[in-house]
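Each chain is listed here by its residues.
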Amino acid sequence: MGIFGRKDSTPSTATATATAPAADLTALTGDYTIDPAHSTIGFVARHAMVTNVKGGFTAFTGTLHLDGADPAASTATLDIEMASIDTGNADRDGHLKSADFFKTDEFPTMTFRSTKAEALGGDDYRISGVLSLLGVTKPITIDLEFNGAAKDPFGNERVGFEGRTEILRSEWGLTWNAALETGGVLISDKIKLNFDISAIRNA
């Protein structure tokens, strides 16, 4: 995933810029593991046409391969345990795990596999891939902002980024709803997905 292209502040000649990646880019090349203790994967759904309900998943794993010389060759994977859904309400979480929604007994995992990475300029990137849920695989595109790289007090080399996208849940077979007396439906088809990721470089 090309999430590490901060502009190089070091003066250089036009020739050097054209023929070699900036040093800060190449330094981040490598394989990383997403740290779930310092990352969040969340979603937002419109409820009753008047407010937003927010939730997330507490159990997930993922990997990144960052290529500083060729950001387009970077990749990402993500595996989310659907039973870990948490909206702050046990009854609602139980309904979401049921056959009306995620059918977690039959489909315990949602996955993302990247297929393309693009640098958009500055700290902005875009990654495309496929999202698999309920036995359905569809393409999605995620806009990313690189938040930086640092070594933590334990010696771990970290990179961080935020991502966001919107999907229509009906495209993955999530069609349960209820009509409102005042018109409209209980739950929006459009769902916002938000990612706040910290990943540790593999030894």
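Heads up: these notes are all about the structure in this document. The structure presented is a predicted model; accordingly, all values stated were derived computationally and were not measured.

## Overview of the overall build of the protein chain
Helix and strand counts for the protein chain come out as three helices and 11 strands. What you see in the protein chain, going N to C, is helices and strands ordered as α-α-β-β-β-β-β-β-α-β-β-β-β-β. The buried share of the protein chain, reckoned over its 203 residues, is 38%. Contacts spanning at least 24 positions in sequence make up 59% of the contacts within the protein chain whose residues lie at least 6 apart. Accessible surface computed for the protein chain: about 10,900 Å², of which carbon and sulfur atoms make up 53%.

## Some points on a negative patch on the surface
Side chains of Asp124, Glu145, Glu162 and Asp196 sit close together on the surface and give a patch of like negative charge. Tracing the chain through its elements places Asp196 in strand S11 (residues 187-201). Given a relative accessible area of 34%, Asp196 falls into the partly exposed group.

## Notes on the pattern of salt bridges
With the rule as written, the count across this model stands at six salt bridges. Between Arg158 and Asp152 there is a salt bridge, with its nearest N and O atoms 2.9 Å apart. Both residues of the pair, Arg158 and Asp152, count as buried. Glu166 serves as the salt-bridge partner of Lys190, at 3.6 Å between the closest nitrogen and oxygen. You can see Lys190 sitting in strand S11 and its partner Glu166 sitting in strand S10 (residues 157-168), a full 24 residues away along the chain. Residue classification places Lys190 among the partly exposed positions, given a relative accessible area of 45%. Glu166 gets classed as partly exposed once you look at its relative accessible area, which sits at 45%.

## Regarding a nonpolar patch on the surface
Together, Met49, Val50 and Val185 give the surface a local cluster of nonpolar side chains, amounting to about 270 Å² of exposed area. By secondary structure assignment, the location of Val185 is in the loop between S10 and S11.

Conventions used here
Residue positions are given per chain, counting from 1 as you read along its sequence in written order. Predicted model: local features are reported for residues with pLDDT of at least 70 only, side-chain atom pairs are reported and counted for 80 or more only, and whole-chain, interface and lining totals are derived from all residues. Excluded from the side-chain calculation are hydrogens and water; included are all heavy atoms of the structure. Numbering of helices and strands runs from the N terminus, with a helix taken as a DSSP run of H or I at least four residues long and a strand as a DSSP run of E at least two residues long. Three exposure classes are used, based on accessible area relative to the maximum for each residue type with a 1.4 Å probe and protein chains only: buried under 20%, partly exposed in between, and exposed over 50%. Contact between two residues is taken to exist if any of their heavy atoms lie within 4.5 Å; hydrogens are not considered. All accessibility values rest on the Shrake-Rupley procedure with a 1.4 Å probe; residue burial counts only the protein chains present in the view. Patches draw on residues past 30% relative accessible area with no salt bridge. Two like charges within 9 Å are joined, as are two nonpolar side chains (Val, Leu, Ile, Met, Phe, Trp, Tyr) within 5 Å. In the sections that follow, a salt bridge refers to a side-chain nitrogen of Lys or Arg positioned within 4 Å of a carboxyl oxygen of Asp or Glu. Here the positive residues are Lys and Arg and the negative ones are Asp and Glu; neither His nor the chain ends is included. A charged residue contributes its charge at one atom only: NZ of Lys, CZ of Arg, CG of Asp or CD of Glu.

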